[in-house]
Amino acid sequence: MSNTKLIIEERAANIGNFMVGRLLPFKQKRMVGPFIFIDHMGPVSMNEDENMDIAMHPHIGLSTLTFLFDGAIMHRDSLGTAVEIKAGAVNWMTAGKGVVHTERTPERLRTSNKTLHGLQIWVALPKAHEQCEPSFTHVAADDIPSWQHNGVHFKLIAGKAFGKQSAVPVYSPLYFIEIKASDTKTVSIGDFLFGESALYILEGSITSDGHTYGPKQLLVAKDSTLCAFEIEANSTVYIFGGEAFPEERFIEWNFVASDKALLQKAKDDWKTGKFPEVPNETVRIPLPPPIRFGS
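Note that this is a predicted model, so its numbers are computed, not measured. Each chain has its residues counted from 1, running along the sequence as written. For a predicted model such as this one, the threshold for reporting local features is a pLDDT of at least 70, and the threshold for listing and counting side-chain atom pairs is 80 or more; totals across whole chains, interfaces and linings nevertheless cover every residue. Only hydrogens and water are removed before side-chain values are computed, so all heavy atoms of the structure are retained for them.

Another aspect to go through is the overall build of the protein. Comment: elements are numbered from the N terminus, with helices defined as DSSP H or I runs of at least four residues and strands as E runs of at least two. A count of helical and extended segments in the protein gives one helix and 25 strands. Burial statistics for the protein: of 295 residues in total, 55% are counted as buried. Any two residues whose heavy atoms approach within 4.5 Å are treated as being in contact. Partitioning the contacts of the protein with sequence separation of at least 6, the portion at a separation of at least 24 is 71%. In the form shown here, the protein has an accessible surface area of approximately 13100 Å², with 49% of it arising from carbon and sulfur atoms. To sort residues, take the accessible area from a 1.4 Å probe on protein chains only and compare it with the maximum for the residue type: under 20% means buried, over 50% means exposed, and anything in between is partly exposed. Note that accessible areas follow from Shrake-Rupley with a 1.4 Å probe, and for residues the cover is restricted to the protein chains shown.

Put into structure tokens, the structure is as follows:
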């Protein structure tokens, strides 16, 4: 039998002046381990008059993980952080009880042609850390564990797996792994995984149990310990997952919580200006009307 429990196709979503491909949440699968939200950004080409400009917006109850394949984003937040993230590095911002940030095209690229391509991920915080103090960590590309095995390239972007640990300061047992192959290879890594697991195909294809899957598909596993597949030549896939939380998580706009009262408080605080602001930023994204994530 196939180990694939669910296949999720990317769905187009508008995040203001930028279109993305949404993977999570999905009506049949709201989370995979602690991963609660994943957007595939781009690839998009922008000219000298087009830039990414996401104004001040708040978060609670989660950590954001930004991982770029190409391009750059200037991150600024209410902690005073101002960091440019480039391809291969990781921005990890823990919102906890509340943080505000902006995401913009860096000044050095605003009047030139540029591209942007990457993943924007939210990782829900365990209940004991939902209201922790906010923090920010930037991990350079060279500091992310990477290795080769049987001609396959691995990178442990976050969490623990394969007896290795990423420098990204996660709050619960999880993993976020990049796998690349120049030639067709068999990958069998179930012994190194745990909890819930999903595989996202960025480019190329994989074959599992006689079925071939291609780009922009997210495959949710029935059993992470049975993770084995053939990766085709010139393919890149990402495997993520970990231990699921015992409590349900609720998501509304940019807020995640185990208690709906925390969501309501965050909405009220944003409307009444009680969140901290990002230095030298003046534009705030207003609270939108209620929406349902996923379809």
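This part takes up the sheet that holds strand β22 (residues 228-231). Hydrogen bonding along the main chain pairs the strands of a sheet, whether they run parallel or antiparallel. Strand order in the open sheet formed by four strands is β17-β22-β19-β20, with antiparallel pairing between adjacent strands. Two strands bound the open sheet, and with one partner strand each, they are β17 (185-188) and β20 (211-213). The sheet shows a mean angle of 30° between the axes of neighbouring strands, taken without regard to direction. At least two bridges found by DSSP between two strands are what make those strands a pair. Pairing of strand β19 (residues 206-208) with β20 involves three bridges; the strand directions are antiparallel. Following the sheet pairing, S208 is matched in β20 by H211. Here the axes come from fitting lines to C-alpha atoms, over the contacting stretch only for helices, and the angles between their N-to-C directions go from 0 to 180 degrees.

To continue, consider the environment of L62. Here L62 lies in strand β6 (residues 62-70). The class for L62 is buried, based on a relative accessible area of 0%. With 195 residues separating them along the chain, L62 and A257 place their C-alpha atoms 8.1 Å apart. Filtering out sequence-adjacent residues up to four positions away, L62 remains in contact with M93, T94, A95, G96, W122, V123, A124, L125, N254 and V256.

Here we take up the nonpolar core. By size, the foremost hydrophobic cluster in this structure holds 25 residues, and its most contacted members are L65, V90, I121, F176 and F240. If we skip the residues at most four places from it in the chain, V90 touches L65, T66, F67, I85, T137, H138, V139, I144, I157 and V168. Grouping buried Ala, Val, Leu, Ile, Met, Phe, Trp, Tyr and Cys residues that are joined through side-chain atoms within 4.5 Å yields what is termed a nonpolar core.

Let's shift gears to helix α1 (residues 260-271). Owing to its 3.6 residues per turn, the α-helix brings residues three or four apart onto one side. Under the convention used throughout, the expected extent of a helix is 1.5 Å for every residue step, that is, one less than its residue count. The end-to-end C-alpha separation of α1 is 17 Å, in line with the 16 Å expected for 12 residues at 1.5 Å each. What α1 keeps buried is the set L263, A266, K267, D269 and W270. Axial view of α1: buried residues confined to an arc of 165°, hence all on one face. Elements in contact with the buried residues of α1: β5 (53-59), β10 (99-104), β24 (250-252) and β25 (255-257). It is the directions from the helix axis to the C-beta atoms that the arc portrays.

The term salt bridge refers to a side-chain nitrogen of Lys or Arg lying within 4 Å of a carboxyl oxygen of Asp or Glu. By the definition in use, this model includes 10 salt bridges. Salt-bridge contacts for R249 lead to E130; the nearest nitrogen and oxygen are separated by 3.9 Å. With R249 in the loop between β23 (235-242) and β24 and E130 in the loop between β11 (114-124) and β12 (135-139), this residue pair connects regions lying 119 residues apart in the sequence. In this structure R249 comes out as buried when scored by relative accessible area, which is 8%.

A pair of aromatic rings is counted whenever rings of Phe, Tyr or Trp (Trp by its six-membered ring) have centres within 6.5 Å, and the orientation is called stacked for planes under 30 degrees apart, edge-to-face for over 60 and tilted otherwise. This structure, assessed with the given rule, holds 17 aromatic pairs. Ring geometry for W253 against W270: centres 6.3 Å apart, planes inclined by 50°, an arrangement best described as tilted. Of the two residues, W253 sits in the loop between β24 and β25 while W270 sits in helix α1, which places them 17 residues apart along the sequence. Like W270, W253 is buried.

Another aspect to go through is the environment of S208. Mapped onto the fold, S208 is located in strand β19. Relative accessible area serves as the criterion here: at 10%, S208 is assigned to the buried category. The spacing of S208 and F229 is 21 residues in sequence and 4.8 Å in space, taken between C-alpha atoms. Once residues within four sequence positions are removed from consideration, S208 is found in contact with Y213, A228 and F229. Within the structure, the side chain of S208 is placed 3.4 Å from the side chain of D209, a separation counted as a polar contact. For the purposes of these results, a polar contact is taken to be a pair of N or O atoms within 3.5 Å, where, inside protein, one atom must be able to donate a hydrogen and its partner to accept one; residues adjacent in sequence count only when each atom of the pair is a side-chain atom.

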